[in-house]
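Architecture and fold: a report
Below are the chains, spelled out letter by letter.
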Amino acid sequence: MDHFLYRNGELYAEDVAIAEIAAEVGTPFYCYSAATLERHYRLFDEALEGTEHLVCYAMKAASNLAIVKLLGGLGAGMDVVSGGEYARARAAGVPGERIVFSGVGKTRAEMRTALEGGIRQFNVESEPEMEALNAVALELGVKAPIAVRVNPDVDAKTHAKIATGKSENKFGIPIARAREVYRQAAAMEGLEVVGIDVHIGSQLTDLEPFRQAYQKVAELTDALRADGHDIRRLDLGGGLGIPYTRSNEVPPLPSDYGALIRETVGHLGCEIEIEPGRLVAGNAGILVAGVIYVKSGEGRDFLILDAAMNDLIRPAMYDAHHDIVPVKEPHAGAEGARYDIVGPVCETGDTFARGRDMAAVEAGDMVAFRSAGAYGAVMASEYNSRPLIPEVLVRGDQFAVIRARPTLEEMLNRDSIPAWL
Ligand code: LLP
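Residues numbered from 1 in each chain as written. Predicted model: local features only at pLDDT ≥ 70, side-chain atom pairs only at ≥ 80, totals over all residues. Heavy atoms only, no water.

Turning to the sheet that holds strand β3 (residues 16–17), a few remarks are in order. With respect to topology, three strands assemble into an open sheet ordered β1-β2-β3, the strand pairing being antiparallel. Each of the sheet's edge strands pairs with one partner strand only, and the pair in question is β1 (4–7) and β3. Sheet topology note: the strand β2 (residues 10–13)/β3 ladder contains two bridges and is antiparallel. Paired with Y12 across the strands is A17, a residue of β3. (Pairing = 2+ DSSP bridges. Helix = DSSP H or I, 4+ residues; strand = E, 2+ residues; numbered from the N terminus.)

That bond from T27 to P28 is cis: its omega, -10°, falls within 30 degrees of zero. Considering the arrangement of structural elements, one finds P28 in the loop between α1 (18–25) and β4 (29–33). Despite not being glycine, E14 has its phi angle at roughly 45°, a positive value. Within the secondary structure, E14 sits in the loop between β2 and β3. Look at E14 and you get buried, because its relative accessible area is 10%. Non-glycine residue D153 carries a positive phi angle of around 55°. Of note, D153 is situated in the loop between β9 (144–151) and β10 (173–174). (Buried < 20%, exposed > 50% of the residue type's maximum accessible area, 1.4 Å probe, protein only.)

Time to look at the pattern of salt bridges. A full pass over the atoms with the stated rule returns 25 salt bridges. R42 serves as the salt-bridge partner of E38, at 3.3 Å between the closest nitrogen and oxygen. Taken as a pair, E38 and R42 lie in helix α2 (residues 34–47) at a separation of four residues, close to a single helical turn. Of the charged contacts in the structure, one is a salt bridge between R211 and E208, with a shortest N-O distance of 3.3 Å. Pair noted here: R211 and E208 are both in helix α8 (residues 208–226), with a separation of three residues, about one helical turn. You can call E208 partly exposed: its relative accessible area is 34%. Bridged by salt links that share partners, the residues R120, R233, E271 and E273 form one connected network. (Salt bridge = Lys/Arg side-chain N within 4 Å of Asp/Glu carboxyl O.)

Right, let's talk about the domain arrangement of the protein for a bit. When cut into domains, the protein gives domain 1 (4–31 + 282–413) and domain 2 (34–279). Its C-alpha centre places domain 1 at a distance of 32 Å from the equivalent point of domain 2. Contacts between domain 1 and domain 2 engage 23 residues on the former and 26 residues on the latter. For the domain 1 and domain 2 pair, buried surface summed over both sides reaches about 2,100 Å², with 52% attributable to carbon and sulfur atoms. Of all residues in domain 1, the largest losses of buried area upon contact with domain 2 belong to N283, Y318 and Y375, amounting jointly to 25% of the total for that side. (Domains from an automatic or database assignment. Contact = heavy atoms within 4.5 Å. Buried area = accessible area lost by both parts, 1.4 Å probe.)

On to the packing of α8 against helix α9 (residues 254–265). Describing two packed helices takes the angle between their axes plus the distance from one axis to the other. Running from N to C, α8 and α9 point in directions that differ by 30°, and their axes come no closer than 9 Å. Taken together, the axis directions place α8 and α9 in an arrangement best described as roughly parallel. Relative to α9, the crossing made by α8 is right-handed. When α8 is examined against α9, the residues F210, R211, Y214, Q215 and A218 are found in contact with a partner set consisting of Y257, L260, I261, E263, T264 and V265. Tallied by class, the residues present in the contact of α8 with α9 amount to seven nonpolar, two polar and two charged. (Axes fitted to C-alpha atoms, helices over the stretch in contact; angles between N-to-C directions. Parallel < 35°, antiparallel > 145°, perpendicular 65-115°, else oblique. Left-handed = near helix turned anticlockwise from the far one by under 90°. Nonpolar A, V, L, I, M, F, W, Y, C, P; charged D, E, K, R; others polar.)

Moving on, we come to a nonpolar patch on the surface. A grouping of I417, W420 and L421 is seen on the molecular surface, where their side chains present a nonpolar patch of about 490 Å² in accessible area. For W420, the location among the structural elements is in the segment after α12 (408–413). Owing to a relative accessible area of 72%, W420 belongs among the exposed residues under this scheme. (Patch = residues over 30% accessible without salt bridge, like charges linked within 9 Å, V, L, I, M, F, W, Y side chains within 5 Å. Areas by Shrake-Rupley, 256 points an atom, 1.4 Å probe, with all protein chains shown as cover.)

So, in structure tokens, the structure goes:
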């Protein structure tokens with residue numbers, strides 16, 4: 001459920017007409033609903049009610065400071081994967097003890113920043129990383145709290161580019177070697193083992209892979225405890241999928257996911273961490289674009305938008321589907337059309353949808369891409385020298401620009417021409 005609905009014949013974000021925002025900021029832009037973000041966070045929080053837990057929002061999904069501040073203010077922890085995300089979390093007021101640091105390639109500088117600034121735990125993914133973290137912690141005279149990310153060799157049954165839990169993926173250490181790696185960790189003076197971490201992939205629409213992974217984690221918990229490790233926390237990762245279309249896909253709800261967690265690891269008495277990103281932010285954001293031209297091609301019509309693959313890369317990168325709807329509500333019995341929906345970037349990959357049936361629109365109209373709140377703005381680039389597009393946050397009848405569109409001059413000023421040229 002989200003808060004982007006038609007009202008009085010036009011699309012609204014909560015109580016604000018999209019057209020009103022467009023008149024102020026111009027198209028294209030991202031628009032987020034605070035009520036939807038809040039609702040989705042609470043669904044996870046409530047799904048784990050009665051179990052000691054922390055919902056660590058995976059900031060990579062949408063990391064604007066305003067979004068991080070909103071979620072942090074509700075009590076969310078953060079899952080960060082870079083020094084940049086760590087800095088954002090802290091700048092948005094999230095205390096270090098609510099931040100977990102994930103990622104396969106943390107640098108020593110990033111480790112130092114987090115250890116100095118405060119950190120709940122590092123999810124370490126290899127022995128060399130463990131050694132580096134141990135060295136940095138010893139230098140600083142502190143102990144780094146760690147969970148080892150194990151790779152359970154489970155098929156997440158999702159798009160190959162976002163599956164992470166198979167043995168051929170670069171993530172984690174093979175679960176079969178976990179006892180040995182924990183033994184090594186326990187021997188390192190600069191480390192304190194606090195738990196186990198697992199994350200098997202993103203956009204999972206079936207609970208079965210989670211079940212398999214979490215059962216393996218439960219068995220490993222018993223084995224590690226028998227080896228004398230104090231396993232008190234389980235970080236179960238993110239990955240629960242969202243419906244990208246209104247019709248066929250109905251992924252499991254956070255409450256079903258919570259029940260599965262209880263069933264598989266509830267008896268262990270561990271504090272549970274989860275790292276949802278997409279489900280929190282995905283349906284809380286839309287991308288609004290203007291129609292530049294409707295071009296008739298051979299046997300097909302192209303809808304040429306002012307948004308392009310640099311603004312939303314998901315269709316080009318993962319063949320992802322986003323529902324695309326007119327901002328003006330089509331009246332009953334309105335004329336339908338079939339479009340190839342494309343952006344202005346000079347490559348064929350800049351195609352959002354092929355042969356998409358929708359209500360007919362004209363140049364000057366606006367359309368909205370639904371479910372674009374996660375992995376939308378954060379994956380944008382300035383390819384073709386198209387400035388990053390603005391982000392807007394709506395709450396009730398108020399809206400605010402939470403990232404302004406840079407002027408062309410600002411964009412150009414980031415480059416410099418050497419004096420010797
Ligand atoms: N935790 C870890 C360690 C992760 O690697 C990820 C996502 C998450 C949590 C959050 O997963 P989520 O709940 O959002 O599924 N750009 C791709 C998605 C990449 C996901 C990467 N890792 C896309 O647009 O589909």
